[in-house]
Amino acid sequence: MCDNKKQMCVDLLTGKYAELLAGGEVRYPKRGDFTDGEVCAIKAHLGPWPRALEIADIKPLRDDDVKAKNREKRINARRRARGVQGLGGNGTVAQINKGETE
């Protein structure tokens, strides 16, 4: 039963997206395009709005390497704050830690 409800929510999203494209609008469906009940159902069965759009194959999947990128930024910021020279173009912190630099 739950899979049927999920599919109905996916159909709501894809139908609205097709309707927007047919109307000449090139954008993802927004919460405001649906009734409150439809939004609640979509979020209840598919999760947060961006993930729901990904499940419906409307929006490309997010990059799961965000945590690694944030870690790199944080390490580089600490080095700059301490006055330590950066990597000097030798590569990223992850590459240096793995020994992949020139």
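Our subject is the structure listed above.
First things first, this report covers the structure right here in the doc. A quick note: this is a predicted structure, and the numbers were derived from the prediction, not measured.

## Looking at the overall build of the protein chain
- A count of helical and extended segments in the protein chain gives five helices and zero strands.
- In the protein chain, the order of α-helices and β-strands from amino to carboxyl end is α-α-α-α-α.
- Here the protein chain, with 102 residues, has 18% of them falling under the buried criterion.
- Sequence separation of 24 or more characterises 39% of the internal contacts of the protein chain that already satisfy a separation of 6 or more.
- Total accessible area on the protein chain is roughly 7,600 Å²; 51% of this is exposed by carbon and sulfur atoms.

## Quick word on the packing of aromatic side chains
- One pass over the structure, following the stated rule, counts two aromatic pairs.
- Lys-16 extends its terminal NZ or CZ atom over the ring of Phe-34, reaching a point 6.0 Å from the ring centre.

## A closer look at helix α2 (residues 36-46)
- The complete set of buried residues in α2 reads Val-39, Ile-42 and Leu-46. Buried residues along α2 cover an arc of 70° about the axis, so they all sit on one side. Among the exposed residues of α2, those pointing more than 90 degrees away from its buried face are Asp-36, Gly-37, Cys-40 and Ala-44.
- Downstream of α2 by one or two residues, Gly-47 has phi in the positive range, about 95°.

## Things to note about the nonpolar core
- Core analysis: the biggest nonpolar cluster contains 12 residues, these being Cys-9, Val-10, Leu-13, Phe-34, Val-39, Ile-42, Leu-46, Trp-49, Ala-52, Leu-53, Ala-56 and Ile-58.
- Beyond its immediate stretch of four places on either side in the chain, Ile-42 contacts Cys-9, Leu-12, Leu-13, Phe-34, Gly-47, Trp-49 and Ala-52.

## Examining the pattern of salt bridges
- In the structure shown here, the tally under the stated rule is four salt bridges.
- A salt bridge links Glu-25 to Arg-27, with the nearest nitrogen and oxygen atoms 2.9 Å apart.
- A relative accessible area of 23% places Arg-27 in the partly exposed class.
- Note that Asp-33 and Arg-27 form a salt bridge whose closest N and O atoms lie 2.9 Å from each other.
- With a relative accessible area of 23%, Asp-33 lands in the partly exposed category.

## Re helix α4 (residues 66-82)
- Compared with an ideal rise of 1.5 Å per residue, which puts 17 residues at 24 Å, α4 spans 24 Å between its outermost C-alpha atoms and is within 8% of the ideal.
- Downstream of α4 by one or two residues, Gly-83 has phi in the positive range, about 85°.

## With respect to a positive patch on the surface
- A cluster of basic side chains, namely Lys-67, Arg-71, Arg-74, Arg-78 and Arg-82, defines a positive patch on the protein surface.
- Position of Arg-71 relative to the elements: it lies in helix α4.
- On the basis of relative accessibility, which here comes to 44%, the residue Arg-71 falls in the partly exposed class.

## So, the side chain of Lys-16
- Structurally, Lys-16 is set in helix α1 (residues 2-22).
- The class for Lys-16 is buried, based on a relative accessible area of 17%.
- Setting aside its immediate chain neighbours within four residues, Lys-16 contacts Pro-29, Asp-33 and Phe-34.

Basis of the calculations
Residues numbered from 1 in each chain as written. Predicted model: local features only at pLDDT ≥ 70, side-chain atom pairs only at ≥ 80, totals over all residues. Heavy atoms only, no water. Helix = DSSP H or I, 4+ residues; strand = E, 2+ residues; numbered from the N terminus. Buried < 20%, exposed > 50% of the residue type's maximum accessible area, 1.4 Å probe, protein only. Contact = heavy atoms within 4.5 Å. Areas by Shrake-Rupley, 256 points an atom, 1.4 Å probe, with all protein chains shown as cover. Phe/Tyr/Trp six-rings, centres within 6.5 Å; stacked < 30°, edge-to-face > 60°. Lys NZ or Arg CZ within 6 Å of the ring centre and 35° of its normal. Arc of directions from axis to C-beta. Core = buried A, V, L, I, M, F, W, Y, C linked by side-chain atoms within 4.5 Å. Salt bridge = Lys/Arg side-chain N within 4 Å of Asp/Glu carboxyl O. Expected span 1.5 Å × (residues − 1). Patch = residues over 30% accessible without salt bridge, like charges linked within 9 Å, V, L, I, M, F, W, Y side chains within 5 Å. Lys, Arg positive; Asp, Glu negative; His and termini not counted. Charge placed at Lys NZ, Arg CZ, Asp CG, Glu CD.

Function cannot be read off these values alone, since they describe shape.
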